[in-house]
Amino acid sequence: MMHTDDGRLQALRARAYALAESGRFDGAHAVEQALIAEGWPNAGAALQSSYTRKAISERCMAATKTH
């Protein structure tokens, strides 16, 4: 069961990074809301780490500079 949960969290984080790199979002909160809208109910828990939120925000900022 733990392996499945880890896989889901990895998939959710990968999706979060992809959304952040799309250039459509201005930060981690916006990406989290998009994930919830896509049907990832555990998005808040998966993105609660400050490291993950910072990485998402940095990717959002970098993407908006290139788009």
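These numbers were taken from a predicted model, which means no experiment stands behind them.

Nonpolar side chains in soluble globular proteins tend to end up buried together. Membership of the largest hydrophobic core comes to 16 residues, with the highest contact counts inside it found for Val-31, Leu-35 and Ile-56. Of all the secondary structure elements, the ones that give two or more residues to this core are helix H1 (2-21), helix H2 (28-38), helix H3 (43-46) and helix H4 (50-66). Ranked by residue count, the leading element in this core is H1, at five residues. With sequence-adjacent residues up to four places away left out, Leu-35 is seen in contact with Leu-12, Arg-15, Ala-16, Leu-19, Trp-40, Ala-43 and Leu-47.

On to the side chain of Glu-32. For Glu-32, the position within the fold is in helix H2. Setting aside chain neighbours within four positions, we find Glu-32 in contact with Ala-43, Gly-44, Leu-47 and Arg-53.

Over its 17 residues, H4 runs 24 Å from end to end, which matches the ideal 24 Å to within 8%, given 1.5 Å per residue. Here H4 starts with a cap whose side-chain oxygen sits 3.3 Å from the backbone nitrogen of Tyr-51, and that cap is Ser-49.

The next point concerns the packing of H2 against H4. As a packed pair, H2 and H4 sit with axes 8 Å apart at the nearest point and diverge in direction by 100 degrees. The angle between H2 and H4 falls in the class roughly perpendicular. Along its contact with H2, which presents Ala-28, His-29, Val-31 and Glu-32, the element H4 presents Arg-53, Ile-56, Ser-57 and Cys-60. The residue inventory of the contact of H2 with H4, partitioned by class, reads four nonpolar, two polar and two charged.

It is worth spelling out the confidence of the model for the protein chain at this point. Summing up the model confidence of the protein chain, the mean pLDDT is 90 and the portion of residues at 70 or higher is 93%. The least confident element of the protein chain, judged by mean pLDDT, is H1 at 87; the most confident is H2 at 96.

Criteria and cut-off values
- Residues numbered from 1 in each chain as written.
- Predicted model: local features only at pLDDT ≥ 70, side-chain atom pairs only at ≥ 80, totals over all residues.
- Heavy atoms only, no water.
- Core = buried A, V, L, I, M, F, W, Y, C linked by side-chain atoms within 4.5 Å.
- Buried < 20%, exposed > 50% of the residue type's maximum accessible area, 1.4 Å probe, protein only.
- Helix = DSSP H or I, 4+ residues; strand = E, 2+ residues; numbered from the N terminus.
- Contact = heavy atoms within 4.5 Å.
- Expected span 1.5 Å × (residues − 1).
- Polar contact = N/O pair within 3.5 Å; in protein donor to acceptor, adjacent residues only side chain to side chain.
- Axes fitted to C-alpha atoms, helices over the stretch in contact; angles between N-to-C directions.
- Parallel < 35°, antiparallel > 145°, perpendicular 65-115°, else oblique.
- Nonpolar A, V, L, I, M, F, W, Y, C, P; charged D, E, K, R; others polar.
- pLDDT = per-residue confidence, 0-100.

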